[in-house]
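# Examining the three-dimensional arrangement
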Amino acid sequence: MQRPYNLFIYIGPMIIDLSKVPAGQGTGYPEPFKAAVTGRSKQRVGNVAGLTNFGINLTTLAPGAQSALRHWHSHQDEFIYMVSGELTLVTEAGETLLTPGMMAGFPAGVPDGHHLINHSSAIATYLEIGDRTPGDRAEYPDDDLLAQPKDGGGYCFTHRSGAPY
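Cut-offs and rules
- Residues numbered from 1 in each chain as written.
- Predicted model: local features only at pLDDT ≥ 70, side-chain atom pairs only at ≥ 80, totals over all residues.
- Heavy atoms only, no water.
- Helix = DSSP H or I, 4+ residues; strand = E, 2+ residues; numbered from the N terminus.
- Buried < 20%, exposed > 50% of the residue type's maximum accessible area, 1.4 Å probe, protein only.
- Contact = heavy atoms within 4.5 Å.
- Areas by Shrake-Rupley, 256 points an atom, 1.4 Å probe, with all protein chains shown as cover.
- Lys, Arg positive; Asp, Glu negative; His and termini not counted.
- Charge placed at Lys NZ, Arg CZ, Asp CG, Glu CD.
- Pairing = 2+ DSSP bridges.
- Axes fitted to C-alpha atoms, helices over the stretch in contact; angles between N-to-C directions.
- Salt bridge = Lys/Arg side-chain N within 4 Å of Asp/Glu carboxyl O.
- UniProt positions renumbered as here; feature names shortened; annotations may be inferred.

### Remarks on the overall build of the protein
The number of helices and strands found in the protein is one helix and 13 strands. Secondary structure of the protein in N-to-C order comes out as β-β-α-β-β-β-β-β-β-β-β-β-β-β. Structurally, the protein occupies a C-alpha span of about 45 × 40 × 25 Å along its principal axes. For the protein, the proportion of its 165 residues judged to be buried stands at 38%. Looking at the protein alone, contacts between residues at least 24 apart form 60% of all its contacts between residues at least 6 apart. For the protein, the exposed area adds up to about 9,300 Å²; of that, 58% sits on carbon and sulfur atoms. A gap of 9 Å separates the mean positions of the 11 positive and 16 negative side-chain charges of the protein.

Spelled out as structure tokens, the structure:
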């Protein structure tokens, strides 16, 4: 069965060797927000498996690091699964300690900004799963920042007024 992307041919399940998946760092955030995710790295395991409808990242947060600025999505669902360590989930309701095996979901369109912070002295890892629904917009309730959809995919960042960074 031929897949409709990148000339992949499905011959069975894609087995992923994490030691061969590059760990990306950095962010698309504009200045002055880039520093917020220092200490975060992501292995885009869903992309390696050839998945196109949703993404899966194995994300690592060093002590003191955070996953993102607190945000929520207009069209995309998000889900996380704790693999190792301890992270603090911050939402409108406050803070919740997450440990291995715990999960959290963030439905699209619910204006409850969230992110994870590693307040511990050890590295923590989690799986983040999100769909790739077109037209998504992300809002950052603590910052003068919006992520607007770009033609062809991805985001451009603007102030709440709509002025670009």
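### A short note on the sheet that holds strand β3 (residues 54-61)
Backbone-to-backbone hydrogen bonds pair the strands of a sheet. The strands run either parallel or antiparallel. Strands sit in the order β1-β2-β3-β10-β5-β8 across an open sheet of six strands; the sheet is antiparallel. Looking at the sheet topology across the chains shown, the edges are occupied by β1 (23-25) and β8 (103-106). In this sheet, adjacent strand axes meet at a mean angle of 25° when their direction is disregarded. For strand β5 (residues 78-84) and strand β10 (residues 124-131), the ladder comprises six bridges, and the chain directions are antiparallel. Counted as the bridge partner of E78 is G130 from β10.

### Re the pattern of salt bridges
When charged atoms on two side chains of opposite charge get close, those side chains can pair. Applying the stated rule across the entire model yields five salt bridges. We note a salt bridge from E128 to K42, for which the minimum N-O separation is 2.7 Å. Of this pair, E128 sits in strand β10 while K42 sits in strand β2 (residues 40-43), and the two are 86 residues apart along the sequence. Here E128 falls in the buried class, since its relative accessible area comes to 16%. Overall, K42 belongs to the buried group, its relative accessible area being 15%.

### A closer look at the UniProt feature "domain: Cupin type-2" (unreviewed entry) in the protein
Mapped onto this numbering, the UniProt entry gives "domain: Cupin type-2" (unreviewed entry) at residues 58-129. With 0% helix and 50% strand, residues 58-129 has its two end C-alpha atoms placed 9 Å apart.

### Some words on the sheet that holds strand β9 (residues 115-117)
Taken in spatial order, the three strands make up an open sheet running β7-β6-β9, and their pairing is antiparallel. In this open sheet, the two strands that pair with only one neighbour each are β7 (94-98) and β9. The sheet shows a mean angle of 30° between the axes of neighbouring strands, direction not considered. As judged from the three bridges shared by strand β6 (residues 87-91) and β9, these two strands associate in the antiparallel manner. Its bridge partner lying in β9, V90 is registered against H115.

### Things to note about unusual backbone geometry
Omega for the bond connecting E31 with P32 falls within 30 degrees of zero, at 10°, which places this linkage in the cis form. For P32, the position within the fold is in the loop between β1 and β2.

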